[in-house]
Amino acid sequence: MVCEARASPGGAELGGAGEPECLGAQARCSAGVSGEVAAMATFFGEVVVAPSRAGVDDEESAEEAGEETPEDREIRRELEKKREIDVLWTLKSGASTERSADEPFVCSKFIVAIGHNAAAFLSSFILDSVCWEVVGVVKLWNEWCRTSNTTNVLPTDSFCLFYRLISDPTVLLCQCSCYVAEDQQFQWLEKVFGCMRKEGLQVTILSTCPVADYKTQESTLTLASPFLKALKTKEFKEQVCCPLLEQPNIVRDLPAAGFHLKRQKNTDFNDRGQ
């Protein structure tokens, strides 16, 4: 459809499809099959943007339907497989084998150090003081780190190793200096704690955070650094060696996920951090 309007001295004049024209103005509009209207400039220099939905409807319908190409599905499956966490134990045979969750072993105390500072603390003050043996390793991959099933690591490496106290095999330590991504945290917890019996299990997690993140009415410049604060579940009956963490301070990432999981499992839990 094409309609034209022309100025007329006597007033309005019909043109094209019989539409009245506006006095003193010249305009032209055209409508295509799609029903979209593209207006031309009514004066010299006017910029008119013609609206168009060409291809938009198809894209929106594909997004709403959640359509996925075979290539996208293959890439997603490969990434999910690559991000799976493997927990390898050497408790009996001495060779790294993935221990199934249906064969849980007895563990009375489990101490986990998360982050480079906490892992270094274990190396300096605990692992060097008594006799421990390496009994497991976590193998994972994400955008920030990559660990393998080797137990020969350097302090600067990203790793996650398990140690057992030789004099008391029910006491385990975990050094986790690697980054565990948010979508891998629950998987890490389920696979690690799924290998242990929950009866009588006491879990202690050591973690660190910057002093600048600590919320207090006092100036952080007057605080002794480093300092210890603790969180605990109601099942933890022993005396806490440091003051409890005040509100509104919180823990994040893997320590927070572990604290939440242990509250659900009703396990003795103590979380200490800077």
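Refer to the structure presented above.
Anyway, here's the lowdown on the structure attached to this text. (Residues numbered from 1 in each chain as written. Predicted model: local features only at pLDDT ≥ 70, side-chain atom pairs only at ≥ 80, totals over all residues. Heavy atoms only, no water.)

Side note on unusual backbone geometry
For step 1, the next point in the chain: The linkage connecting Gln 247 with the following residue, Pro 248, adopts the cis geometry, with an omega of 5 degrees.
For step 2, the next point in the chain: Relative to the helices and strands, Pro 248 resides in the loop between β11 (229-232) and α5 (253-265).
For step 3, the next point in the chain: Positive phi, normally seen in glycine, also occurs at Asp 253, with a value near 60 degrees.
For step 4, the next point in the chain: Among the structural elements, Asp 253 can be located in helix α5. (Helix = DSSP H or I, 4+ residues; strand = E, 2+ residues; numbered from the N terminus.)

Section: the nonpolar core
For step 1, the next point in the chain: Grouped together as the largest cluster of nonpolar side chains are 31 residues, with contacts concentrated most on Phe 110, Phe 162, Trp 188 and Met 196.
For step 2, the next point in the chain: Those elements that place two or more of their residues in this core are β4 (86-89), β6 (109-114), β7 (132-139), β8 (160-165), β9 (171-176), α4 (182-193), β10 (202-207) and α5.
For step 3, the next point in the chain: At four residues, the largest contribution of residues to this core is made by α4.
For step 4, the next point in the chain: Residue contacts for Phe 110: discarding those within four places in its chain leaves Phe 162, Leu 172, Leu 173, Cys 174, Val 192, Phe 193, Met 196, Leu 201, Gln 202, Val 203 and Thr 204. (Core = buried A, V, L, I, M, F, W, Y, C linked by side-chain atoms within 4.5 Å. Buried < 20%, exposed > 50% of the residue type's maximum accessible area, 1.4 Å probe, protein only. Contact = heavy atoms within 4.5 Å.)

Observations regarding the pattern of salt bridges
For step 1, the next point in the chain: Applying the stated criterion across every chain yields a total of six salt bridges.
For step 2, the next point in the chain: Of the charged contacts in the structure, one is a salt bridge between Glu 80 and Arg 76, with a shortest N-O distance of 3.4 Å. Of the two residues, Glu 80 and Arg 76 are both situated in helix α2 (residues 70-82); the distance of four residues between them amounts to about one turn of the helix.
For step 3, the next point in the chain: Residue classification places Glu 80 among the partly exposed residues on the basis of a relative accessible area of 45%.
For step 4, the next point in the chain: Residue classification places Arg 76 among the partly exposed positions, given a relative accessible area of 37%.
For step 5, the next point in the chain: A salt bridge links Arg 164 to Glu 133, with the nearest nitrogen and oxygen atoms 2.8 Å apart. Placement of the pair is Arg 164 in strand β8 and Glu 133 in strand β7, with a sequence separation of 31 residues.
For step 6, the next point in the chain: Of the residues examined, Arg 164 reaches a relative accessible area of 17% and is grouped as buried.
For step 7, the next point in the chain: For Glu 133, a relative accessible area of 31% gives the class partly exposed. (Salt bridge = Lys/Arg side-chain N within 4 Å of Asp/Glu carboxyl O.)

Regarding the side chain of Gln 184
For step 1, the next point in the chain: Examined against the element boundaries, Gln 184 turns out to sit in helix α4.
For step 2, the next point in the chain: Look at Gln 184 and you get buried, because its relative accessible area is 0%.
For step 3, the next point in the chain: With residues up to four places along the chain from it excluded, the contact list for Gln 184 reads Arg 83, Ile 85, Leu 140, Trp 141 and Asn 142.

That's the geometry; what it means functionally is another story.
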